[in-house]
Amino acid sequence: MTDSPVVGQCECGAAAGPLGTCVNYYHAVLSEEQGDPGMYRWHAVVVCAYFLQHPSEAHPKYLDGQFRQLQLCLDRGLDALLRVGARQVARNRRGTRPVDDLEPLSAYAPLPPGGPPPHFRATFRDLPVRDGSFVSDGHPAYGRRIETIAEATVESWRSLQP
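Residues numbered from 1 in each chain as written. Predicted model: local features only at pLDDT ≥ 70, side-chain atom pairs only at ≥ 80, totals over all residues. Heavy atoms only, no water.

Things to note about the overall build of the protein
- A count of helical and extended segments in the protein gives six helices and zero strands.
- Scored against the burial criterion, the 162 residues of the protein give a buried share of 43%.
- Taking contacts inside the protein between residues at least 6 apart in sequence as the whole, the part at least 24 apart equals 66%.
- For the protein, the exposed area adds up to about 8600 Å²; of that, 54% sits on carbon and sulfur atoms. (Helix = DSSP H or I, 4+ residues; strand = E, 2+ residues; numbered from the N terminus. Buried < 20%, exposed > 50% of the residue type's maximum accessible area, 1.4 Å probe, protein only. Contact = heavy atoms within 4.5 Å. Areas by Shrake-Rupley, 256 points an atom, 1.4 Å probe, with all protein chains shown as cover.)

Overview of the pattern of salt bridges
- Considering all chains together, one arrives at six salt bridges under this definition.
- The shortest N-O distance in the salt bridge between E151 and R121 comes to 3.8 Å. Of this pair, E151 sits in helix 6 (residues 139-158) while R121 sits in the loop between helix 5 (78-92) and helix 6; the two residues are 30 residues apart in sequence, bridging distant segments of the chain.
- Residue E155 pairs with R121 through a salt bridge whose shortest N-O separation is 2.9 Å. In this pair, E155 is assigned in helix 6 and R121 in the loop between helix 5 and helix 6, connecting sequence segments 34 residues apart. (Salt bridge = Lys/Arg side-chain N within 4 Å of Asp/Glu carboxyl O.)

Some remarks on the nonpolar core
- Core analysis: the largest hydrophobic core is formed by 43 residues, its most contacted members being V45, V46, L70, F124, L127, Y142 and I146.
- Listing elements by their share of this core, those giving two or more residues are helix 1 (22-33), helix 3 (43-53), helix 4 (60-76), helix 5 and helix 6.
- Ranked by residues supplied to this core, first place goes to helix 3 with eight residues.
- Sequence-distant contacts of L70, defined by excluding residues within four places in its chain, comprise V45, C48, A49, L52, A150, T153 and V154. (Core = buried A, V, L, I, M, F, W, Y, C linked by side-chain atoms within 4.5 Å.)

Observations concerning helix 4
- The first and last C-alpha atoms of helix 4 sit 25 Å apart over 17 residues, in line with the 24 Å expected at 1.5 Å per residue.
- Taken together, the buried positions of helix 4 are occupied by L63, G65, Q66, F67, R68, L70, Q71, L72 and C73.
- With its phi angle positive at about 100°, G77 sits one or two positions after the end of helix 4. (Expected span 1.5 Å × (residues − 1).)

Things to note about the environment of Q71
- Structurally, Q71 is set in helix 4.
- In this structure the C-alpha to C-alpha distance between Q71 and V154, which are 83 residues apart in sequence, comes to 7.0 Å.

Things to note about the packing of helix 3 against helix 4
- Put simply, helix 3 and helix 4 touch, their axes get as near as 9 Å, and they point 125° apart. Regarding the angle of helix 3 to helix 4, the classification is oblique. Relative to helix 4, the crossing made by helix 3 is left-handed. Listed contacts from helix 4 to V45, V47, C48, A49, F51 and L52 of helix 3 are L63, Q66, F67, Q69, L70 and C73. (Axes fitted to C-alpha atoms, helices over the stretch in contact; angles between N-to-C directions. Parallel < 35°, antiparallel > 145°, perpendicular 65-115°, else oblique. Left-handed = near helix turned anticlockwise from the far one by under 90°.)

Here we look at the state of the cysteines
- Within the structure shown, the criterion is met by zero disulfides.
- This cysteine, C10, is not joined by any disulfide, and C22 carries the nearest cysteine sulfur, 3.7 Å off.
- Judged by relative accessible area, C10 falls into the buried class, the value being 2%.
- In this structure C73 is not part of a disulfide, and its nearest cysteine sulfur, from C48, lies 8.9 Å away.
- When its relative accessible area of 4% is taken as the criterion, C73 is described as buried. (Disulfide = S-S within 2.5 Å.)

What about the side chain of R145?
- Here R145 shows up in helix 6.
- Given a relative accessible area of 19%, R145 falls into the buried group.
- Within polar-contact distance, the side chain of R145 engages the backbone oxygen of F134 at 3.0 Å.
- Ignoring anything within four residues of it in the chain, the contact list for R145 reads L127, P128, F134 and D137. (Polar contact = N/O pair within 3.5 Å; in protein donor to acceptor, adjacent residues only side chain to side chain.)

This is the structure in structure tokens:
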């Protein structure tokens, strides 16, 4: 996390919550999803949204692809995003040098310049933790919350377009 001038506030504009700042929520989600296949299905969306909301922690060359992946997920659903990821993994297993296949993402808008946005209507800090879990009320509810964060991420980045 890049500290903002306001103590206890994240780069995304969110104030610290019960677990701390967004980086604490992100690491807790990554830890919990390792033992939960239903939760892990959302891993790519979690990673893309987190780095787009906290781009100082990301490698800049990946942000455009992450933005496009979120758009694909929101447009065609999680299963479509997972199929694109599986296709990329299969391509890279063929013994050739790994190459990103951006064709499935070409229909989606590139990352707007001028970011990051100063605020997102939904952030990782907003994820509820009950009984030490992000999925205590079930995987569908968790998926809807991650999708809301993805929507807020795309929405805020799009707001930068002239």
